[in-house]
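Close look at the chain arrangement
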Amino acid sequence: MKFRPLHDRVLVRRITAQEKTAGGIIIPDTAQEKPQEGEVLAVGAGTINEKGEVRPLDVKAGDRILFGKWSGTEVKIDGEELLIMKESDVMGIVEGSAPAAKAA
């Protein structure tokens, strides 16, 4: 199934948390916090401003992002747990996931 978010929404797959601490202690699934980092799978067309123009989103498919702890709505698409959230819930793009800006 294909899914395309509407307007300023993004579809995100959580990046799995590490199952071991730096000291080598294995953390059980029940004690792990849900990761706040994910990969953008799909984005909507953008928001519509007062003039009726569409402003494209700053994130794009493939970006690694950080988002708030309680952000988004959990959905199951093709048996996979994903999140749908507004672009405003995205705190930032993780370096190395987006092309570097060229110096002026």
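Residues numbered from 1 in each chain as written. Predicted model: local features only at pLDDT ≥ 70, side-chain atom pairs only at ≥ 80, totals over all residues. Heavy atoms only, no water.

1. Section: the nonpolar core
Applied cut-off: We define the nonpolar core as a collection of buried residues of types Ala, Val, Leu, Ile, Met, Phe, Trp, Tyr and Cys that are connected through side-chain atoms lying within 4.5 Å of one another. Exposed residues in this analysis have more than 50% of their type's maximum accessible area, buried residues have under 20%, and partly exposed residues fall in between, with area computed by a 1.4 Å probe over protein chains only. Secondary structure elements are taken from DSSP: a helix is a run of H or I of four residues or more, a strand is a run of E of two residues or more, and numbering for both begins at the N terminus. The contact rule is simple, with two residues in contact once any of their heavy atoms fall within 4.5 Å.
In terms of nonpolar packing, the biggest core is built from ten residues, these being V10, V12, V40, L57, V59, I65, F67, L83, M85 and V90. Of all the elements in the fold, those that place two or more residues in this core are strand 1 (9-14), strand 5 (64-67) and strand 7 (80-86). Leaving out residues up to four positions away in the same chain, M85 has contacts with D8, R9, V10, V12, F67, S71, G72 and V90. Listed in part, the five residues of the second largest apolar core include L11, A42, I77 and L82.

2. Focus on the pattern of salt bridges
Here is the rule: By definition here, a salt bridge exists when the distance from a side-chain nitrogen of Lys or Arg to a carboxyl oxygen of Asp or Glu is within 4 Å.
Scanning all chains against the criterion turns up nine salt bridges. Between D8 and K86 there is a salt bridge, with its nearest N and O atoms 3.6 Å apart. With a gap of 78 residues between them, D8 in the segment before strand 1 and K86 in strand 7 connect regions that are remote in the sequence. D8 sits in the buried class, given a relative accessible area of 13%. Where R64 meets E37, a salt bridge forms, and the shortest distance between an N and an O atom there is 2.4 Å. Placement of R64 in strand 5 and of E37 in strand 2 (residues 37-43) is noted, with a sequence separation of 27 residues between them. Since its relative accessible area comes to 35%, R64 is described here as partly exposed. The network of salt bridges with shared partners includes R13, E39 and E80.

3. Focus on the side chain of E87
Let me state the cut-off plainly: Two N or O atoms count as a polar contact when they lie within 3.5 Å, although within protein this holds only if one can serve as hydrogen donor and the other as acceptor, and sequence-adjacent residues are included solely when both atoms are side-chain atoms.
The residue E87 is located in the loop between strand 7 and strand 8 (90-93) in this model. Overall, the relative accessible area of 12% leaves E87 in the buried class. In terms of polar contacts, E87 uses its side chain to reach the backbone amide nitrogen of D58, at 2.6 Å. What E87 contacts, discounting residues up to four positions off in sequence, is D8, R55, L57, D58 and V59.

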